[in-house]
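# Secondary and tertiary structure notes
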Amino acid sequence: MNLKLLRWNLCCLLIVAMMLLSLGRISPAHADNIKIGVVNTEKILRESAPALKAQQKIDQEFIPRDVEIKDMAKQAKTLQDKLEKKGAAMSETDRRELERELANLSRNYQRAQRQMREDLTVRQNEEYGVILELTDRAIKHIAEKENYDLILQLQDSVFRSQRIDITDLVIEVLNSEKRNNKANRKE
């Protein structure tokens with residue numbers, strides 16, 4: 001998704017590898033004391049209050065551009081219909097002018113769509129970066145409070161026990177931070 005997330009994933013994999021290697025050197029009695037948690041970042045980016053608010057903010061920012069693009073599509077459809085219905089009866093010059101206008105509108109439409117997709121991706125990455133920073137802080141808070149030795153980000157794991165999945169706890173912390181921030185601003 002972004003460079004920071006990729007670096008974080010690689011760091012986690014390295015830590016896991018080191019932990020697995022060191023577990024071979026630790027007696028089974030000590031291995032039982034290791035506390036590991038797993039976090040699903042995709043779920044956090046879908047379900048947490050900061051993520052939902054960010055998505056609403058982005059949606060509101062892009063509504064005017066989306067309306068413009070839809071208007072361009074309607075204009076192109078109207079021109080296409082006119083060309084199909086009346087094109088044969090038009091003079092060669094008028095028909096070519098209409099075709100040129102339709103081609104220009106089509107190019108502008110495609111350009112506007114492409115630009116909006118690129119801008120949308122940039123904005124989503126900006127907002128996700130902020131959410132991931134908040135998530136990192138929440139995870140660190142949970143790790144310190146609950147005495148975790150290792151918390152991993154796992155997206156596509158084949159199996160993970162619900163016992164070690166702390167994603168919902170991270171979402172709760174993020175949601176409560178959002179409520180606390182609102183309450184502090186009102187005071």
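Rules used in this analysis
- Residues numbered from 1 in each chain as written.
- Predicted model: local features only at pLDDT ≥ 70, side-chain atom pairs only at ≥ 80, totals over all residues.
- Heavy atoms only, no water.
- Axes fitted to C-alpha atoms, helices over the stretch in contact; angles between N-to-C directions.
- Helix = DSSP H or I, 4+ residues; strand = E, 2+ residues; numbered from the N terminus.
- Parallel < 35°, antiparallel > 145°, perpendicular 65-115°, else oblique.
- Nonpolar A, V, L, I, M, F, W, Y, C, P; charged D, E, K, R; others polar.
- Salt bridge = Lys/Arg side-chain N within 4 Å of Asp/Glu carboxyl O.
- Buried < 20%, exposed > 50% of the residue type's maximum accessible area, 1.4 Å probe, protein only.
- Phe/Tyr/Trp six-rings, centres within 6.5 Å; stacked < 30°, edge-to-face > 60°.
- Lys NZ or Arg CZ within 6 Å of the ring centre and 35° of its normal.
- Pairing = 2+ DSSP bridges.

### What about the packing of helix H4 (residues 49–86) against helix H5 (residues 92–146)?
- Their axes nearest at 9 Å, the elements H4 and H5 cross at an angle of 170°. When the axis of H4 is compared with that of H5, the two are roughly antiparallel.
- Among the residues making up the contact of H4 with H5, the classes are represented as 21 nonpolar, seven polar and 11 charged.

### Considering the pattern of salt bridges
- Applying the stated criterion to the full structure yields 14 salt bridges.
- In this structure, Arg123 and Glu61 form a salt bridge, with 2.8 Å as the shortest nitrogen-oxygen distance. Of the two residues, Arg123 is situated in helix H5 and Glu61 in helix H4; the sequence distance between them amounts to 62 residues.
- With a closest N to O distance of 3.2 Å, Asp81 and Lys77 form a salt bridge. Here Lys77 and Asp81 lie together in helix H4, a separation of four residues that amounts to about one turn.
- Exposure remark for Lys77: the relative accessible area of 51% places this residue in the exposed category.
- A single network of salt bridges, built from pairs that share partners, joins Lys57, Glu61, Arg123, Glu126 and Glu127.

### Re the packing of aromatic side chains
- If you walk through the whole model with that rule in mind, you get zero aromatic pairs.
- The ring of Tyr148 has Lys35 sitting right over it, with the charged end atom 4.6 Å from the ring centre.

### Re the pairing of strand S2 (residues 150–153)
- Alternating positions in S2 separate into two faces, Leu150 and Leu152 on one and Ile151 and Gln153 on the other, with burial throughout.
- Pairing analysis gives four bridges linking strand S1 (residues 36–39) to S2, with the strands arranged parallel. Each bridged residue has a counterpart across the sheet, and for Val39 the counterpart in S2 is Gln153.

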